[in-house]
Amino acid sequence: MLYRIFFFILLPYMKFFYRVKYLGRENIPESGPALVCANHSSLLDPVLVGMAMGIRLQMHFMAKKEVMSVPGLGLIARLAGAFSVDRDAGVSAIKHCFRLLEKKKFVMMFPEGTRYHEQQGRAKSGAGMIALRTGVPIIPVYMTPGKKRFFSRIDVVVGEKYLPSPDRSLPKSEQYSSVADDLMHRIYSLGDTVK
């Protein structure tokens, strides 16, 4: 219920202040589980992904500990379904992520781990590890990189879901990294559809 309330509060704000074009919404599955992964360049990105997926599908966002500890913002994020990730000790967050996916939820994360305003960042292996260990499909999402300024044009492209196919001859850690690198390539390739 709180997720829906936040959605309806933010919807007119987003429509008034930003010119957002959503593409590929037909690729959004009817139900989970799924790991939703996007490039990251702005604090507005979680809102854009949530709006793209629609009110029917609640996103559970992985958010770094620093964001969740901001007074007010952290509380709102938690009420909206976000959970904290400590990048130095993320075991509990990963376990929580596994539990959500077992319950057929949608978990959203940024594989790059931090914001990159212009250039593409290198993916951390976490997204690859989660996808391979749970066997859930990944939904890649591309957003126009850079700071999201008022009244600017923003493209949000939802790609087709897919199951990663790792090279089983590699050690597990290399499999995770390989899947994460492939994921980032898929995400940024979606940007070619709007250029």
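Residues numbered from 1 in each chain as written. Predicted model: local features only at pLDDT ≥ 70, side-chain atom pairs only at ≥ 80, totals over all residues. Heavy atoms only, no water.

Undergrad: Give me the lowdown on unusual backbone geometry, citing residues and values where you can.
TA: Gly32 connects to Pro33 through a cis peptide bond whose omega is 10 degrees. Along the polypeptide, Pro33 turns up in the loop between strand S1 (19–23) and strand S2 (34–38). Of note in the backbone geometry, Lys104 takes a positive phi value of approximately 65 degrees without being a glycine. Among the structural elements, Lys104 can be located in the loop between helix H5 (91–102) and strand S5 (106–109). Here Lys104 falls in the exposed class, since its relative accessible area comes to 55%. (Helix = DSSP H or I, 4+ residues; strand = E, 2+ residues; numbered from the N terminus. Buried < 20%, exposed > 50% of the residue type's maximum accessible area, 1.4 Å probe, protein only.)

Undergrad: Outline a nonpolar patch on the surface, supporting the account with residue identities and numerical values.
TA: Together, Met1, Leu2, Ile5, Ile9, Leu10, Tyr13, Phe16, Phe150 and Phe151 line one region of the surface with nonpolar side chains, adding up to about 940 Å² of accessible area. Inspection of the secondary structure puts Leu2 in helix H1 (residues 2–17). (Patch = residues over 30% accessible without salt bridge, like charges linked within 9 Å, V, L, I, M, F, W, Y side chains within 5 Å. Areas by Shrake-Rupley, 256 points an atom, 1.4 Å probe, with all protein chains shown as cover. Salt bridge = Lys/Arg side-chain N within 4 Å of Asp/Glu carboxyl O.)

Undergrad: Run through the packing of aromatic side chains, naming residues and quoting values.
TA: The final tally for this structure, using the stated rule, is 10 aromatic pairs. Their ring planes at 65 degrees and their centres at 5.7 Å tell us that Tyr18 and Phe150 sit as a pair that is edge-to-face. On the criterion of sequence distance, the pair formed by Tyr18 in the loop between H1 and S1 and Phe150 in the loop between strand S6 (138–143) and strand S7 (153–158) is long-range, its members being 132 residues apart. A relative accessible area of 8% means that Tyr18 is categorised as buried. The structure contains a cluster of three or more aromatic residues connected by ring pairs, namely Tyr13, Phe16, Phe17, Tyr18, Phe150 and Phe151. Directly above the aromatic system of Tyr162 lies the positively charged group of Arg186, at a separation of 3.7 Å from the ring centroid. (Phe/Tyr/Trp six-rings, centres within 6.5 Å; stacked < 30°, edge-to-face > 60°. Lys NZ or Arg CZ within 6 Å of the ring centre and 35° of its normal.)

Undergrad: Report on helix H7 (residues 172–189), specifying residues and quantitative values.
TA: An α-helix turns once every 3.6 residues. As a result, residues three or four positions apart point the same way. Taking 1.5 Å of rise per residue, 18 residues should cover 26 Å, and H7 covers 26 Å from first to last C-alpha, within 8% of that figure. Of the surrounding secondary structure, the elements contacted by the buried residues of H7 are S2, helix H6 (126–134) and S6. (Expected span 1.5 Å × (residues − 1). Contact = heavy atoms within 4.5 Å.)

Undergrad: Go over the pattern of salt bridges, please, and point to the residues and values.
TA: Pairing is possible between side chains that carry opposite charge, provided their charged atoms lie close to one another. Under the defined criterion, the tally for this structure stands at 4 salt bridges. Measuring nitrogen to oxygen at the nearest pair gives 3.9 Å for the salt bridge that ties Arg56 to Glu30. Here Arg56 is found in the loop between helix H2 (45–53) and strand S3 (59–64), whereas its partner Glu30 is found in the loop between S1 and S2, with 26 residues between them in sequence. By relative accessible area, which is 48% here, Arg56 ends up partly exposed. Residue class for Glu30 comes out exposed when judged on its relative accessible area of 66%. Asp45 is paired through a salt bridge with Lys148; the nearest N and O atoms lie 3.2 Å apart. Note that Asp45 is positioned in helix H2 and Lys148 in the loop between S6 and S7, a separation of 103 residues in sequence. For Lys148, a relative accessible area of 12% translates into the label buried.

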